[in-house]
Amino acid sequence: MSKPRARNITVFSLLILGVFAALLSSVFIGSTSIPFAEAVRSIFAHGEYSDILWKIRIPRALSALLLGGALSLSGYLLQTFFHNPIAGPFVLGVSSGAKLTVALTMIAAFRYVHSVSSGIMVAAAFVGSLISLGFVLLVSRRMKRMSMLVVCGIMIGYICSAITDFAVTFARDSDIVNLHDWSKGTFSGMSMNDVLTIAVITAAAVLGTVFIVKPMSAYMLGESYAQSVGVNLKFLKVMLVVLSGLLSACVTAFAGPVSFVGIAVPHIVRLLLKTSKPSVMIPACFLAGSIFCMACDMIARTALSPTELSISTVTAVFGAPVVIGILVRRKRGEM
């Protein structure tokens, strides 16, 4: 067995085990202490803690699993599109654009119809993601330096956040609490219906990503090479933008903006596997993103229990040092 193949098997085995371990820990560990035997019984039969497990912990753990994987994969697609390891939904302002349109939709819905469906939320977030990406793409055509592109993405994020904060001032007091919690990023309040919606959207986006694995592999070797082997670059670029936008929109619609996952996790996976091949990176990024977000969510809700931290606070603590490491290595010419 070749060394790269052995490494891949080892890393994927650890990732799969990590997903199961993080999922079980998220379900069994919380502010309410539940004996293991009683927790197992409450899952498979009606017990004292069935409501806590099935209405709170299990939906929250599954949503963190799916949305963490989606956000990590979205970051990898953006990094592939821009040929830049520090590109990501949060840094390029994609999450902030989705946050703006979702906040406006929520304010309008609460004011006039008093409710909003998850489908409308995802659609609004998707529109916001594409608008932000559109601005970034316009900037990228005029600027050759990727560092300036990242700066522009950050500025777009600040503008969207400022408009969001301004719009929230016109929301009713009863709605501001929900908007405030959501705007900081959280996996709380998820239901099994939400999980089902997230699973359908994420599965569709992942399936679309699988279909463009070969064109992505050629594109990563250069646009000239990709064209020489018959890759339709316009279609591929549209697919990368749409799929990354859909994945990040799904995350923002349900959990709010979550920082640094889309940048840090793909880079960590790339270092572990020592490859950037899409056929390997796509499933690995999804698994690693799931582990990362489930672990961060568990820390967010237990570290200062009963007070709960926002998920972005925890992901920033662990993700920001990785981004700094990327910048340092690029400065040294190691990447």
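What counts, and where the lines are drawn
- Residues numbered from 1 in each chain as written.
- Predicted model: local features only at pLDDT ≥ 70, side-chain atom pairs only at ≥ 80, totals over all residues.
- Heavy atoms only, no water.
- Helix = DSSP H or I, 4+ residues; strand = E, 2+ residues; numbered from the N terminus.
- Rg over C-alpha atoms; globule rule 2.2 N^0.38 Å.
- Buried < 20%, exposed > 50% of the residue type's maximum accessible area, 1.4 Å probe, protein only.
- Contact = heavy atoms within 4.5 Å.
- Areas by Shrake-Rupley, 256 points an atom, 1.4 Å probe, with all protein chains shown as cover.
- Core = buried A, V, L, I, M, F, W, Y, C linked by side-chain atoms within 4.5 Å.
- Salt bridge = Lys/Arg side-chain N within 4 Å of Asp/Glu carboxyl O.
- Lys, Arg positive; Asp, Glu negative; His and termini not counted.
- Disulfide = S-S within 2.5 Å.

**Observations regarding the overall build of the protein chain**
Turning to step 1, where the next piece is worked out: When its secondary structure is counted, the protein chain shows 14 helices and zero strands.
Turning to step 2, where the next piece is worked out: When the elements of the protein chain are put in sequence order from the N terminus, they spell out α-α-α-α-α-α-α-α-α-α-α-α-α-α.
Turning to step 3, where the next piece is worked out: For 335 residues, the compact-globule estimate of 2.2 N^0.38 gives 20 Å, and the protein chain sits close to it at 20 Å.
Turning to step 4, where the next piece is worked out: Expressed as lengths along the three principal axes of its C-alpha atoms, the size of the protein chain is roughly 65 × 55 × 35 Å.
Turning to step 5, where the next piece is worked out: Sorting the 335 residues of the protein chain into buried and exposed places 51% on the buried side.
Turning to step 6, where the next piece is worked out: Long-range pairs, those at least 24 residues apart, make up 75% of the contacts in the protein chain with a sequence separation of at least 6.
Turning to step 7, where the next piece is worked out: On the protein chain, roughly 16000 Å² of surface is accessible, and the fraction owed to carbon and sulfur atoms is 68%.

**A short note on the side chain of Arg-60**
Turning to step 1, where the next piece is worked out: Summarising the element assignment, Arg-60 is placed in helix H3 (residues 50–82).
Turning to step 2, where the next piece is worked out: A residue is classified by how much of its surface remains accessible, and Arg-60, at 9% relative accessible area, is buried.
Turning to step 3, where the next piece is worked out: Those residues in contact with Arg-60 that sit more than four places away from it in its chain are Thr-186, Phe-187, Ser-188, Met-190, Asp-297, Arg-301 and Glu-308.

**Points about the nonpolar core**
Generally speaking, a soluble globular protein has its nonpolar side chains buried in company with each other.
Turning to step 1, where the next piece is worked out: Counting 96 residues, the largest nonpolar core has Leu-67, Phe-82, Phe-187, Leu-240, Phe-254 and Val-269 as its most contacted members.
Turning to step 2, where the next piece is worked out: The element contributing the most residues to this core is H3, with 15 residues.
Turning to step 3, where the next piece is worked out: In this view, Val-269 contacts Met-281, Ala-284, Cys-285 and Ala-288; residues no more than four positions away in its chain are not counted.
Turning to step 4, where the next piece is worked out: Membership of the second largest hydrophobic core comes to eight residues, among which are Val-91, Ile-263, Ala-264 and Val-322.

**Observations concerning the pattern of salt bridges**
Turning to step 1, where the next piece is worked out: Evaluation of the coordinates by the stated rule reveals six salt bridges.
Turning to step 2, where the next piece is worked out: The salt bridge partner of Arg-41 is Glu-38, with a shortest N-O separation of 3.1 Å. In this pair, Arg-41 and Glu-38 are both assigned in helix H2 (residues 36–44), three residues apart and thus about one turn of the helix distant.
Turning to step 3, where the next piece is worked out: Residues Glu-223 and Lys-237 are paired through a salt bridge, measuring 3.1 Å at the closest nitrogen-oxygen approach. With Glu-223 in helix H10 (residues 223–228) and Lys-237 in helix H11 (residues 233–255), this pair connects stretches of sequence that are 14 residues apart.
Turning to step 4, where the next piece is worked out: Given a relative accessible area of 34%, Glu-223 falls into the partly exposed group.
Turning to step 5, where the next piece is worked out: Given the relative accessible area of 26%, Lys-237 is considered partly exposed.
Turning to step 6, where the next piece is worked out: One salt-bridge network, held together by shared partners, links Arg-60, Asp-297, Arg-301 and Glu-308.

**Observations regarding unusual backbone geometry**
Turning to step 1, where the next piece is worked out: In this model, Phe-260 sits at a positive phi of 70 degrees, which is unusual for a non-glycine residue.
Turning to step 2, where the next piece is worked out: Assignment of secondary structure puts Phe-260 in the loop between H11 and helix H12 (261–273).

**So, the environment of His-46**
Turning to step 1, where the next piece is worked out: Residue placement: His-46 occurs in the loop between H2 and H3.
Turning to step 2, where the next piece is worked out: In the structure, His-46 is positioned 192 residues away from Val-238 in sequence and 48 Å away in space, judged by C-alpha atoms.

**Quick word on the side chain of Asp-194**
Turning to step 1, where the next piece is worked out: Mapped onto the elements of the fold, Asp-194 is located in helix H8 (residues 192–211).
Turning to step 2, where the next piece is worked out: One buried charge, Asp-194, has no salt-bridge partner; the nearest side chain with opposite charge is Arg-60, at 12 Å.
Turning to step 3, where the next piece is worked out: Not counting chain neighbours up to four residues away, the residues in contact with Asp-194 comprise Gly-189 and Phe-254.

**Regarding the state of the cysteines**
Turning to step 1, where the next piece is worked out: Here the structure, examined in full by the defined rule, presents zero disulfides.
Turning to step 2, where the next piece is worked out: Of all cysteine sulfurs, the one in Cys-293 lies closest to Cys-250, which takes part in no disulfide; the gap is 12 Å.
Turning to step 3, where the next piece is worked out: You can see Cys-293 has no disulfide; the closest cysteine sulfur is in Cys-296, sitting 6.4 Å from it.
Turning to step 4, where the next piece is worked out: Note on Cys-293: relative accessible area 1%, which makes it buried.

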